[in-house]
Amino acid sequence: MIVALVGAVVIGLCVGLLGAGGSILTVPILVYVIGQPEKVAIAGSLLIVGAIAAIGALPHALARRVDWRSALAFGPAAMAGAFGAAFIGQHLPGFVQLLILATILLLTAIRMSRPLPAELFTKGGELPSMRGLALRGLLVGALTGLVGIGGGFLIVPALAVLGRLPMHRAVATSLVLIPLQAASGFAKHYIVLDSLGLALDWNIITIFVLVGGFGTWFGGMLAGRVPQRVLRRGFAIVLALMGTYMLVVESIGLFSKG
């Protein structure tokens, strides 16, 4: 439980600092540390990270850092993608979902280890393409519903590069969008759990939300003091280690079953 609590703090810090990374850490912690079944962990992760992101979004919204125009284009499409992909996810074995997530972790680690374009740290340029944002929202939402990730690590670069938002505004807007698409994906996964006779552990969820919520507030305070390049590289290392571990464990389990 101590390891789980530390993990919850780290999840909150990542969400507060980067506007991303909560779910791709939450699912492995729930599965490998807490010992939850894959389907339960995926559904619980969406609820946990959605709540943590909502807590972290509040100070950003009050400070007027959220770009509501981009959120309006991205949000509904992401919710639709999350709900639709959850129908596919219910037919996939749990270990397949974890293998997909491990692959996403490794690909994201590679992407985040690369330097950000200089324009992401400026005030941005031309107005974003609403159609492009909606399409990217649909794709990010689909990943959310399929493997139980909040999608923030995809939302932030989508808003920063395609939406031409400065990094701090992309992070703030991501924290608003994560709860929306997480709620959409969770709604379908909760129905699937009920049909399988599985139940969420509400004690664990409550603890993670409270501890992670504290972490995201603290992370938000640190966000302006820690260089984003340092944060991204450190986060990339964590993702690479986590993804490699998941890939090895699930591959071994797959071969042993065979």
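See above for the structure.
Every value quoted in this text rests on a predicted model; they were computed, and no experiment measured them. (Residues numbered from 1 in each chain as written. Predicted model: local features only at pLDDT ≥ 70, side-chain atom pairs only at ≥ 80, totals over all residues. Heavy atoms only, no water.)

Peer 1: Would you mind showing me how to read helix α8 (residues 167-196) here?
Peer 2: In an α-helix, one turn spans 3.6 residues, which is why side chains three or four residues apart end up on the same side. The end-to-end C-alpha distance of α8 is 41 Å, a good match for the 44 Å that 30 residues give at a rise of 1.5 Å each. A positive backbone phi angle near 75 degrees is found at Gly197, which sits one or two residues after α8. (Helix = DSSP H or I, 4+ residues; strand = E, 2+ residues; numbered from the N terminus. Expected span 1.5 Å × (residues − 1).)

Peer 1: Honestly, unusual backbone geometry in this entry has me stumped. Any pointers?
Peer 2: Only a minority of non-glycine residues have a phi that is not negative, and only a minority of peptide bonds are not trans. In the Ramachandran plot, Arg64 falls in the positive-phi region, its phi being about 60 degrees despite a non-glycine side chain. Structurally, the position occupied by Arg64 is in the loop between α3 (38-62) and α4 (68-89).

Peer 1: Whenever I open this one, the packing of aromatic side chains confuses me. Can you help?
Peer 2: The description of an aromatic ring pair uses the distance of the two centres, along with the angle that the planes make with each other. With the rule as written, the count across this model stands at two aromatic pairs. For the ring pair Tyr32 and Tyr245, a centre distance of 5.3 Å and an interplane angle of 85 degrees mean the geometry is edge-to-face. One end of the pair, Tyr32, is in helix α2 (residues 22-34); the other, Tyr245, is in helix α10 (residues 228-257), with 213 residues separating them in the sequence. (Phe/Tyr/Trp six-rings, centres within 6.5 Å; stacked < 30°, edge-to-face > 60°.)

Peer 1: Is there a simple way to think about the packing of α2 against α3 in this case?
Peer 2: Helices that pack against each other are described as a pair by the angle of their axes relative to one another and the distance between those axes. α3 packs onto α2 with a crossing angle of 140 degrees between their chain directions and a minimal axis gap of 9 Å. Regarding the angle of α2 to α3, the classification is oblique. Considering how the two elements wind past one another, α2 and α3 form a crossing that is right-handed. Every residue of α3 that contacts α2 at Gly22, Ser23, Thr26, Val27, Leu30 and Val31 is listed here: Glu38, Ala41, Ile42, Gly44, Ser45, Ile48 and Val49. Its residues placed into classes, the contact of α2 with α3 shows seven nonpolar, five polar and one charged. (Axes fitted to C-alpha atoms, helices over the stretch in contact; angles between N-to-C directions. Parallel < 35°, antiparallel > 145°, perpendicular 65-115°, else oblique. Left-handed = near helix turned anticlockwise from the far one by under 90°. Contact = heavy atoms within 4.5 Å. Nonpolar A, V, L, I, M, F, W, Y, C, P; charged D, E, K, R; others polar.)

Peer 1: For this particular structure, what's the right way to read the nonpolar core?
Peer 2: If you look at soluble globular proteins, the nonpolar side chains tend to sit buried side by side. Phe74, Leu159 and Phe208 are the most contacted members of the largest nonpolar core, which totals 65 residues. Among the elements that take part in this core, α8 stands out by supplying 11 residues, more than any other. Once you skip the residues sitting within four places of it in the chain, Phe74 turns out to touch Leu133, Arg136, Gly137, Val140, Ile155, Ala158, Leu159 and Leu177. (Core = buried A, V, L, I, M, F, W, Y, C linked by side-chain atoms within 4.5 Å. Buried < 20%, exposed > 50% of the residue type's maximum accessible area, 1.4 Å probe, protein only.)

Peer 1: Sorry if this is basic, but what is going on with the pattern of salt bridges here?
Peer 2: Per the stated rule, a full pass over the model turns up one salt bridge. A salt bridge links Arg169 to Asp67; its shortest N-O distance comes to 3.3 Å. Pair noted here: Arg169 is in helix α8 and Asp67 is in the loop between α3 and α4, with a separation of 102 residues, a long-range link. Looking at Arg169, the relative accessible area reads 22%, which means it is partly exposed. Asp67 sits in the buried class, given a relative accessible area of 14%. (Salt bridge = Lys/Arg side-chain N within 4 Å of Asp/Glu carboxyl O.)

Peer 1: What am I meant to see in a nonpolar patch on the surface here?
Peer 2: Taken together, Ile2, Val6 and Val10 make up a surface patch of nonpolar side chains, about 280 Å² in accessible area. Structurally, Val6 can be placed in helix α1 (residues 2-18). (Patch = residues over 30% accessible without salt bridge, like charges linked within 9 Å, V, L, I, M, F, W, Y side chains within 5 Å. Areas by Shrake-Rupley, 256 points an atom, 1.4 Å probe, with all protein chains shown as cover.)

That is the geometry; function is a separate question.
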